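Summary of the model geometry
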Amino acid sequence: MVIIVTGGTFGIGRAISLRLAHDGHNVVAFGLESRQVSSVAENGGETLRAEAAAAGLRIDALEADVSRAADVERVVEYALAEHGSIGGLVNNAAIGPLGTILTTSEELWQSVIDVNLKGAFLAARAVLPHMLAAGGGSIAHVGSGGGWGKPNMLAYAASKGGMFTQAAALAYDYAAAGIRVNTVVPRPATLTGMSLGRIGGDMQRYNPAPAAVGRVATADDCAAAVAFLFTPGAAALNGAIIDAGSLPHQGGPVPPPR
């Protein structure tokens, strides 16, 4: 399957791109090479291509802005020219600055909505005609526990909450056409450019609590859940939310490692 991964060159997106390529998919990943607000991620495309080559995999890593329709269309045209079809999409690109309603400027609010929510809209809108023509496809949103509402992340929470409902609406609209749309929610504080950016890039301050499995969650954990959605075993899943973060999103304490 040919799968486009937005924000696919760093952090969780990078892990998703590598996992999907390892599973035999043709991956077209894209993102921006420069640092974005509240993130330390940069130069991800070159690094991803090198990692893929070292592992004997091919990943097409492009630079494009998910919030710009022309950029998204360019990626879709590239995927079609190189691979002939598009069967999957992972909407992962996101920025996540912290802030309350009184500390978030209108400009910053708009930037978050443009990347996180509008970006998913633009990407889905661009690939859907090709999936419909092919008789089906699979779209995976990478959500966030913030989408259920969390303190000091107003714009980010609003955008991620919108992704939940956007995915459900897409699933309703195109289920009869053989298109599935599901959402995976990563563990809070999974190591990414975003999570590091929120602490000024200081790894000494990165000290997340263990996940429900008794260890710190990784981007690979989320990637495994996303990859499942592109397997025959997920054929009956549509409009679903897979909470890969588990207990922390339910509000209770996480049991310590045994």
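As shown above, the structure is provided for reference.
Now for a description of the structure that goes with this document. (Residues numbered from 1 in each chain as written. Predicted model: local features only at pLDDT ≥ 70, side-chain atom pairs only at ≥ 80, totals over all residues. Heavy atoms only, no water.)

1. Concerning the pattern of salt bridges
As a reminder of what qualifies: One speaks of a salt bridge when a side-chain nitrogen belonging to Lys or Arg is within 4 Å of a carboxyl oxygen belonging to Asp or Glu. Only DSSP runs of H or I with at least four residues qualify as helices, and only runs of E with at least two residues qualify as strands; both kinds are numbered from the N terminus onward.
Summed over all chains, the structure comprises six salt bridges. Arg 14 is the partner of Glu 51 in a salt bridge, and the nearest nitrogen-oxygen pair spans 2.7 Å. Of the two residues, Glu 51 is situated in helix H2 (residues 44–54) and Arg 14 in helix H1 (residues 11–22); the sequence distance between them amounts to 37 residues.

2. Quick notes on helix H3 (residues 69–83)
Convention followed: Helices are assigned an expected span. That span is 1.5 Å times one less than the residue count. Classification of residues uses two cut-offs on accessible area relative to the type maximum, computed with a 1.4 Å probe and protein chains only: under 20% is buried, over 50% is exposed, and between them is partly exposed. Arc definition: directions from the helix axis to the C-beta atoms. In this analysis, two residues are considered to be in contact whenever any of their non-hydrogen atoms come within 4.5 Å of each other.
A rise of 1.5 Å per residue sets the reference length of H3, with its 15 residues, at 21 Å; its end C-alpha atoms lie 21 Å apart and thus fit the reference within 8%. For H3, every residue scored as buried is listed here: Asp 71, Val 72, Val 75, Val 76 and Ala 79. Around the axis of H3, the buried residues are gathered within 140 degrees of arc, so they sit on the same side. Opposite the buried face of H3, at more than 90 degrees from it, the exposed residues are Ala 70, Glu 77 and Ala 81. Residues of H3 that are buried sit in contact with strand S1 (2–6), strand S2 (26–31), strand S3 (59–63) and helix H4 (106–134).

3. Some remarks on the pairing of S1
On a regular strand, each side chain points to the face opposite its neighbour's, so the side chains alternate between the two faces of the sheet. Quick note on the threshold: Two strands make a pair as long as DSSP finds a minimum of two bridges between them. Here a crossover is taken to be right-handed if, once the strands point away from the viewer, the path from the first strand over the helix to the second is traced clockwise.
S1 sits mainly inside the fold: five of its five residues count as buried. A two-sided burial pattern is seen for S1, the buried positions comprising Val 2, Ile 4 and Thr 6 on one face and Ile 3 and Val 5 on the other. Across five bridges, S1 lies against S2 in parallel orientation. Of the residues in S2, the one forming a bridge with Val 2 is Asn 26. One crossover worth recording links S1 to the parallel S2 by way of H1, and it is right-handed. Looking at chain direction, S1 and strand S4 (residues 88–91) are connected through three bridges and run parallel. Residue pairing across strands places Val 5 opposite Val 90, the latter belonging to S4.

4. Remarks on the environment of Lys 118
In this structure, Lys 118 sits in helix H4. C-alpha of Lys 118 to C-alpha of Met 163: the two residues are 45 residues apart in sequence and 9.4 Å apart in space. Apart from residues no more than four positions distant in its own chain, Lys 118 is found in contact with Ser 67 and Ile 113.

5. A word on the packing of H1 against helix H7 (residues 219–228)
Here is the rule: Lines fitted to the C-alpha atoms define the axes, with helices restricted to the stretch that makes contact. Angles between their N-to-C directions range from 0 to 180 degrees. Note on angle classes: values under 35 degrees are labelled roughly parallel, values over 145 roughly antiparallel, values of 65 to 115 roughly perpendicular, and the remainder oblique. By convention the crossing between two helices is left-handed if the near helix lies anticlockwise of the far one by an angle smaller than a right angle, and right-handed if it lies clockwise. Polar here means any residue outside two lists: the nonpolar Ala, Val, Leu, Ile, Met, Phe, Trp, Tyr, Cys and Pro, and the charged Asp, Glu, Lys and Arg; Gly therefore counts as polar.
Axis separation between H1 and H7 bottoms out at 8 Å; the angle between their running directions is 50 degrees. Classed by the angle they form, the pair H1 and H7 counts as oblique. The handedness of the crossing between H1 and H7 is right-handed. Here Gly 11, Ile 12, Ala 15, Ile 16, Arg 19 and Leu 20 of H1 lie close against H7, whose contacting residues are Ala 219, Asp 220, Cys 222, Ala 223, Ala 224, Val 226 and Ala 227. A breakdown of the residues in the contact of H1 with H7 according to their chemical character gives ten nonpolar, one polar and two charged.

6. Section: the side chain of Asn 116
The cut-off we apply is this: For the purposes of these results, a polar contact is taken to be a pair of N or O atoms within 3.5 Å, where, inside protein, one atom must be able to donate a hydrogen and its partner to accept one; residues adjacent in sequence count only when each atom of the pair is a side-chain atom.
Position of Asn 116 among the secondary structure elements: in helix H4. Given the relative accessible area of 1%, Asn 116 is considered buried. A distance of 3.0 Å separates polar atoms of two side chains, one belonging to Asn 116 and the other to Ser 159.

7. Regarding the nonpolar core
Across soluble globular proteins, nonpolar side chains have a tendency to be buried as a group. To be explicit about the condition: Buried Ala, Val, Leu, Ile, Met, Phe, Trp, Tyr and Cys residues form a nonpolar core when they are joined through side-chain atoms within 4.5 Å.
Grouped together as the largest cluster of nonpolar side chains are 31 residues, with contacts concentrated most on Ile 4, Phe 30, Val 75, Leu 89, Val 127, Ile 139 and Val 181. Elements represented by at least two residues in this core include exactly S1, S2, H3, H4, helix H5 (154–174) and strand S6 (179–185). It is H4 that provides the largest number of residues to this core, a total of nine residues. For Leu 89, the residues in contact, after removing those within four places along its chain, are Ile 3, Ile 4, Thr 6, Ala 123, Ala 124, Val 127, Met 131, Ser 138, Ile 139, Ala 140 and Phe 230. Counting 27 residues, the second-largest nonpolar core is a separate cluster that includes Ala 15, Leu 18, Leu 20 and Ala 29.

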